[in-house]
Amino acid sequence: MVKTNQPQPKRFSLPLAPIREGMLFPHNEVVYNFGRSKSVMAVESSFNTNRLIFLTAQKDPTVSRPTPDHLYQLGVIGRIENVIKTERDLNVFIKGLYRAKIIKWHATEPFFLVDTEVVNERVVRDEETLALMKYLLGQFREILKLGKQIDVMVSMRLMSTTNPAEFADQLAFFLDINHKERQQLLEELDVKNRLVQIAKFISREIQIAEIEKKIVTKTQEKMSRSMREVVLRERKKTIEKELNKLGAEVEEDEGIGQLKAKLKKAGMPKDTYQKCMKEFKRLKQMPPMHPEHSYIRTYLEIMAELPWGKETPDSLVISKAKKILDEDHYGLEEVKERILEHLAVMKLKKNGNSKKAKDQNYKPTILCFVGPPGVGKTSVGRSIARALGRKFVRVSLGGVKDEAEIRGHRRTYVGAMPGRIVQAIRSVGTRNPVIMLDEVDKLGTDFRGDPSSALLEVLDPEQNKEFVDHYVDAPFDLSKVMFVCTANVLDTVPPALRDRLEVIRFPGYTEDEKLQIAKRYLVPKQLKNHGLTTKDIVFSDKILREIIRYYTREAGVRELERQIAKIMRKIARRKAENKKYNPQLTLTAIHRMLGPRLYNQTLPEQKNMIGIATGLAWTSSGGEILFIEVTPMPGKGNLILTGQLGDVMRESGQAALSYVRSRWQELGLKKNFYQEIDLHIHVPEGAVPKDGPSAGVAIATAIVSALTKIPVKKDVGMTGEITLRGRVLEIGGVKEKVIAAHRAGLKTIILPKDNKKNLIKVQPDVKKALNFKFVTHMDQVLKEALTKPIKLPRAK
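Just so it is clear, the structure is predicted and the values come from calculations on it, not from any experiment.

*Asks:* Is there a simple way to explain the overall build of the protein chain in this structure?
*Replies:* Looking only at helices and strands, one finds 26 helices and 24 strands in the protein chain. Scaling as 2.2 N^0.38, a compact globule of 796 residues should have a C-alpha radius of gyration of about 28 Å, whereas the protein chain reaches 48 Å, well beyond that. Principal-axis analysis of the C-alpha atoms gives the protein chain an extent of 140 × 90 × 70 Å. Residue burial in the protein chain is summarised as follows: out of 796 residues, 47% are buried. Residue pairs in contact within the protein chain that sit at least 24 positions apart in sequence constitute 74% of those at least 6 positions apart. Surface exposure of the protein chain reaches about 41,800 Å², of which carbon and sulfur atoms provide 51%. Where the 136 positive side-chain charges of the protein chain centre and where its 98 negative ones centre are 6 Å apart.

*Asks:* How should helix 3 (residues 152-160) be read in this particular structure?
*Replies:* Helical geometry: 3.6 residues make up each α-helical turn, so side chains three or four residues apart lie on a common side. Among the residues of helix 3, Val 154, Ser 155 and Leu 158 are the ones counted as buried. Buried residues of helix 3, viewed axially, fall in a sector of 100°; they line one side. Those residues of helix 3 that are exposed and aimed more than 90 degrees away from the buried face are Val 152, Met 153, Met 156 and Ser 160. On its buried face, helix 3 sits against helix 2 (127-145) and helix 4 (164-173).

*Asks:* When you look at the state of the cysteines in this model, what are you seeing that I'm missing?
*Replies:* In protein chemistry, a disulfide is the covalent bond that joins the sulfur atoms of two cysteines. What the rule picks out here adds up to zero disulfides. You can see Cys 485 has no disulfide; the closest cysteine sulfur is in Cys 368, sitting 5.3 Å from it.

*Asks:* Teacher, can you tell me more about the sheet that holds strand 14 (residues 482-487) here?
*Replies:* The strands making up a sheet associate through backbone hydrogen bonding, with each pair oriented either parallel or antiparallel. The five strands are arranged 10-11-14-9-15 in an open sheet whose pairing can be described as parallel. The open sheet terminates on both sides in strands that have one partner only, identified here as strand 10 (392-396) and strand 15 (501-505). Mean inter-strand twist for the sheet, computed between neighbouring axes without regard to direction, equals 25°. Pairing between strand 9 (residues 366-370) and strand 15: five bridges, direction parallel.

*Asks:* Teacher, can you tell me more about the packing of helix 2 against helix 3 here?
*Replies:* In a pair of packed helices, the angle between the axes and the distance between the axes together describe the arrangement. The N-to-C vectors of helix 2 and helix 3 enclose an angle of 160°; their axes lie 11 Å apart at closest approach. Taken together, helix 2 and helix 3 sit at an angle that is classed as roughly antiparallel. Where helix 2 crosses over helix 3, the two elements pack in a sense that is left-handed. Between helix 2 and helix 3, the residues in contact are Leu 137, Phe 140, Arg 141 and Leu 144 and Ser 155, Leu 158 and Met 159, respectively.

*Asks:* What is the right way to read the environment of Leu 443 from this model?
*Replies:* Relative to the assigned elements, Leu 443 resides in the loop between strand 11 (434-438) and helix 16 (451-459). Overall, Leu 443 belongs to the buried group, its relative accessible area being 17%. Note: C-alpha distance between Leu 443 and Glu 81 (362 residues apart in sequence) is 86 Å.

*Asks:* Help me out: how do you make sense of the nonpolar core in this one?
*Replies:* Most often, soluble globular proteins keep nonpolar side chains buried together rather than apart. Leu 437 and Phe 483 are the most contacted members of the largest nonpolar core, which totals 55 residues. Residues contacting Phe 483, with those up to four places away along its chain left out, are Ile 366, Leu 367, Ile 421, Ile 435, Leu 437, Val 458, Leu 459, Asn 464 and Leu 478. Membership of the second largest hydrophobic core comes to 52 residues, among which are Leu 340, Phe 369, Ile 504 and Tyr 509.

*Asks:* Sorry if this is basic, but what is going on with the packing of helix 22 (residues 647-662) against helix 23 (residues 696-708) here?
*Replies:* Contact geometry of helix 22 with helix 23 gives a least axis separation of 9 Å together with a crossing angle of 45°. Classified by the angle their axes make, helix 22 and helix 23 are oblique. Handedness of the crossing formed by helix 22 with helix 23: right-handed. Seen from helix 22, the contacting residues are Met 649, Ser 652, Gly 653, Ala 656, Leu 657 and Val 660; seen from helix 23, they are Gly 696, Ile 699, Ala 700, Ile 703, Val 704 and Leu 707.

*Asks:* Before we go on, may I ask you to explain the environment of Lys 542 in this structure?
*Replies:* As for its position among the elements, Lys 542 is in helix 19 (residues 541-551). Overall, the relative accessible area of 57% leaves Lys 542 in the exposed class. A sequence separation of 44 residues divides Lys 542 from Thr 586, and the C-alpha atoms of the two residues are 8.9 Å apart.

*Asks:* Quick question: what am I supposed to make of unusual backbone geometry here?
*Replies:* Comment: phi is negative for the bulk of residues other than glycine, and the bulk of peptide bonds are trans. Residue Pro 110 follows Glu 109 across a cis peptide bond; omega there is -5°. If you trace the backbone, Pro 110 turns up in the loop between strand 6 (90-107) and strand 7 (112-118). Phi is positive for His 27, close to 70°, though the residue is something other than glycine. Inspection of the secondary structure puts His 27 in the loop between strand 2 (11-19) and strand 3 (29-34).

*Asks:* Looking at this structure, I do not really get the packing of aromatic side chains. What am I missing?
*Replies:* Think of a pair of aromatic rings as described by two things: how far the centres are apart, and how the planes are tilted against each other in angle. Applying the stated criterion across every chain, the model contains seven aromatic pairs. With a centroid separation of 5.7 Å and an interplanar angle of 65°, the aromatic rings of Tyr 299 and Tyr 471 are classed as edge-to-face. Of this pair, Tyr 299 sits in helix 9 (residues 291-305) while Tyr 471 is found in the loop between strand 12 (467-468) and strand 13 (475-476), placing the two residues 172 residues apart along the sequence. By relative accessible area, Tyr 471 is classed as buried at 4%. With a centroid separation of 5.8 Å and an interplanar angle of 90°, the aromatic rings of Phe 673 and Tyr 674 are classed as edge-to-face. A cation sits over an aromatic face here: Arg 411 above Tyr 299, 3.8 Å from the ring centre. If you follow Arg 661 out to its NZ or CZ, it ends over the ring of Tyr 674, 3.6 Å from the centre.

*Asks:* Please explain the side chain of Asp 779 as it appears in this structure.
*Replies:* Turning to its location among the elements, Asp 779 is positioned in helix 26 (residues 778-785). Classification of Asp 779 as buried rests on a relative accessible area of 7%. In terms of polar contacts, Asp 779 uses its side chain to reach the side chain of Arg 663, at 2.7 Å.

*Asks:* I'm lost on helix 24 (residues 734-744) in this one. Help?
*Replies:* With 10 of 11 residues buried, helix 24 lies mostly within the body of the structure. With its phi angle positive at about 95°, Gly 745 sits one or two positions after the end of helix 24.

Reading guide: rules and limits
- Residues numbered from 1 in each chain as written.
- Predicted model: local features only at pLDDT ≥ 70, side-chain atom pairs only at ≥ 80, totals over all residues.
- Heavy atoms only, no water.
- Helix = DSSP H or I, 4+ residues; strand = E, 2+ residues; numbered from the N terminus.
- Rg over C-alpha atoms; globule rule 2.2 N^0.38 Å.
- Buried < 20%, exposed > 50% of the residue type's maximum accessible area, 1.4 Å probe, protein only.
- Contact = heavy atoms within 4.5 Å.
- Areas by Shrake-Rupley, 256 points an atom, 1.4 Å probe, with all protein chains shown as cover.
- Lys, Arg positive; Asp, Glu negative; His and termini not counted.
- Charge placed at Lys NZ, Arg CZ, Asp CG, Glu CD.
- Arc of directions from axis to C-beta.
- Disulfide = S-S within 2.5 Å.
- Pairing = 2+ DSSP bridges.
- Axes fitted to C-alpha atoms, helices over the stretch in contact; angles between N-to-C directions.
- Parallel < 35°, antiparallel > 145°, perpendicular 65-115°, else oblique.
- Left-handed = near helix turned anticlockwise from the far one by under 90°.
- Core = buried A, V, L, I, M, F, W, Y, C linked by side-chain atoms within 4.5 Å.
- Phe/Tyr/Trp six-rings, centres within 6.5 Å; stacked < 30°, edge-to-face > 60°.
- Lys NZ or Arg CZ within 6 Å of the ring centre and 35° of its normal.
- Polar contact = N/O pair within 3.5 Å; in protein donor to acceptor, adjacent residues only side chain to side chain.

None of this, on its own, says anything about what the molecule does.
Laid out in structure tokens, this is it:
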């Protein structure tokens, strides 16, 4: 059966009021608030006549001054039941009557006036429609159970409605849908289709309501649990207070009780313990959800873990210490001797036979190992700890710029932690470890402070007995710690810090020392790292010397170890692939694995050359040889210096030229020779900065050779500072320079006479391989360096 709500079309000429959101449906009542002038005038005109008004929704709710194009054509005719006027707007009670559409616009000013026509709805009262109504009624009850707020009278009217059209409109009006979906339902004239659409919308709303209810339930459970916990804790406090008044024992929480026991057993000083207990009481009275609870607990746990009174007993036997140093390191005899002396003094001062010796407050010196990379500074520190029977911990200071890294962060900051010194002591669990402060020469400084200044207190035996870390905020005794520092150079170490250090210099290794280190330590270590055995690969002395001479050029042995590891990786691959190979390494196999030789053992110049002298230099990586090239050319007496030379080295070049000009007659030169030529002095490897006065002798020799056309001996190296009078002055880095000359294959070394004493530090095999010439004047240098003698007066 099909019927319509209206038997015939009805037309009305009515004022129009645009609705932003919440469009009214027929068979429903609503209170609208009208504030726009056109809407207010339309309501007043309607209320003063037949009280009928046409309501239609805006396509875009954000438009404040709509035009006919902004409005939907289909809307609702409503009857104004009541109007309440305020100073700014109108509150209007309207009842929806019919669906209607605009058929003509009469006016847009002062308010909208339109002709409307009531549209008929298609209503089918069949079993499907009734089933839909019954289903929707059940869904409506379900949504009421989930907490949707609807007026009781409205709910009862909806449940008692039997008209499908009225039921659909009343239910649609209370759905949480947007204005476009609401307009879609309003324009659907087939009631059955409208009910189907409503079923989709109400199912969606029920799903959302169920999710919201779950969230609210969980939140309430969490809040109620927290509230219960707070209430119970408050009651617990009250009970504990009453028990304390009665003198009864109060059982503590297991975790809190364990923390209290740890603090008691830590052996900290009395003042520090009282401070910790004060914080402990705060922690007990504080709920776990409090923001400071975790901060205080972390602080107390760190304080309990610090070794306030725990020490590792020293098992220092000098003979055993010497054996350990010899086992771990080859060579470095002077370094080992100095370390053993230090350990011997430490043993006698701490364990003297007399009561006076025992009562003395031992204040150890701070050792600082200075030397190029890869010579064993860090590993010697480990050996010292092993010889003492103490724990070893390394603290890397390279690139540290924040003072708080040493002293710690104050607890007022989020994520505050103790400084690196206290953390190192905490990690080893003893207050007398060997702490190696690695790379102290690479400490930085910025707006956050100067970490090297913070180290002054740490390394000063007079002050570190009561070192206060900002985080710990209590004195901690560092006097039992043995500090060992390492650095590549001392130039960047602040003078105040350097004054607290006793410097032990690590020289570079000779070829023979590198050979023994490779055989004893590097090859066995890399065999183990690569899963190989001595049967899988055999390194002969000849092969190791080939690698040392032609594939490495360094003071230490790190590059040598890398080259050995590279060979073993290739052998390991062949073994894993079950390929046949000769385990006895040959020169051909080495060249195939490592490529062509990287360095030449012989000098770059294959013969004696004019204007080229071989100098000796010291670098942070050990000694090096460098070549001084001098070329005269037509000019006006200019001196050109290139090769990225520093100011001191430039001045050495000028002093060398002044010496040559002062000796023009003895050298067989014209009196004004310098006015007709320019001298260009160049030191190759221009990308590497060079500086220092020790190249003065080599520069002067190269200038004399270039001007006199007498070649310089190719196998002679020289070093020394020159004065304007030709005197040769003492220089530094003799041992490293001599080792570099030996490594490069030079035969004769010219040194200042005052540096003869420094040869005592050079290994005997190196001294035996070289011929040393000690000089006091430049005339003696020229006699030894040039291939032809120059008739010069004897130097005084």
